[in-house]
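Per-entry structural report
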Amino acid sequence: MAEIKKTSSLGVLAIAGVGPYQEKPGEEYMSEGQLAHFRKILEAWRRQLREEVDRTVTHMKDEAANFADPADRASQEEEFSLELRTRDRERKLIKKIEKTLQIIEDGDYGFCESCGVEIGIRRLEARPTAELCIDCKTLAEIREKQMAG
């Protein structure tokens, strides 16, 4: 069965080969150094996801077989289905990463889309594609639960 990887927040930093950002005394929020740090993280994460997509295509081509036994065929189809669902989630994440890279270029990165406050370096390292501060995200999740219930 194909291996499904989960990327933890430290994993994103590790993928980029960087440690947590060390702020300099008096450094302004979202300075050039900080933006470069997040750009590097996002680009490395996007590259890693694209490599996974390429590996999946290769794996599916190499492993595709026309099994005579219906159980073997069903097992392979289920494996491919799981892999494709994972890749679809990753494709959506790549789009979100690309949107975030554009937000960096536009000069709006690191600020909550809802209230405009700083999202924070550590939250962005945990979730580089975060668009909301923790308070607005919490409120959004509460509203979402109320709508679902």
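No experiment lies behind these values; they were computed from the predicted model shown.

Moving on: unusual backbone geometry. Phi is positive for Met-30, close to 60 degrees, though the residue is something other than glycine. Within the fold, Met-30 resides in the loop between α1 (9-16) and α2 (32-63). Overall, Met-30 belongs to the buried group, its relative accessible area being 10%.

What follows is about the nonpolar core. Ranked by size, the top nonpolar core spans 26 residues in total, and within it Met-30, Phe-38, Ile-104, Tyr-109 and Leu-124 carry the most contacts. Examining the composition of this core, we find that seven residues originate from one element, α2, more than from any other. Among the domains, domain 1 (29-109) and domain 2 (111-148) are the pair contributing at least three residues each to this core. The contacts of Phe-38, once residues within four sequence positions are left out, are Met-30, Ile-104, Tyr-109, Ile-121, Leu-124 and Glu-125.

On to the pattern of salt bridges. Summed over all chains, the structure comprises 11 salt bridges. Here Glu-98 and Arg-50 are joined by a salt bridge, their closest N and O atoms 2.5 Å apart. In this pair, Glu-98 is assigned in helix α3 (residues 70-106) and Arg-50 in helix α2, connecting sequence segments 48 residues apart. A residue is classified by how much of its surface remains accessible, and Arg-50, at 40% relative accessible area, is partly exposed. Salt bridges linked by common partners bring Glu-52, Arg-55, Arg-87 and Glu-90 together as one network.

A few words on the UniProt feature "binding site: Zn(2+)" (unreviewed entry) in the protein chain. Sites flagged by UniProt as "binding site: Zn(2+)" (unreviewed entry) map to Cys-112, Cys-115, Cys-133 and Cys-136. On the basis of their most widely separated C-alpha atoms, the annotated residues across 25 residues gather in one place, lying no more than 8.1 Å apart. Note on placement: Cys-112 falls in the loop between α3 and α4 (121-126). Apart from residues no more than four positions distant in its own chain, Cys-112 is found in contact with Val-117, Ile-119, Glu-131, Leu-132, Cys-133 and Cys-136.

What counts, and at which threshold
Residues numbered from 1 in each chain as written. Predicted model: local features only at pLDDT ≥ 70, side-chain atom pairs only at ≥ 80, totals over all residues. Heavy atoms only, no water. Helix = DSSP H or I, 4+ residues; strand = E, 2+ residues; numbered from the N terminus. Buried < 20%, exposed > 50% of the residue type's maximum accessible area, 1.4 Å probe, protein only. Core = buried A, V, L, I, M, F, W, Y, C linked by side-chain atoms within 4.5 Å. Domains from an automatic or database assignment. Contact = heavy atoms within 4.5 Å. Salt bridge = Lys/Arg side-chain N within 4 Å of Asp/Glu carboxyl O. UniProt positions renumbered as here; feature names shortened; annotations may be inferred.

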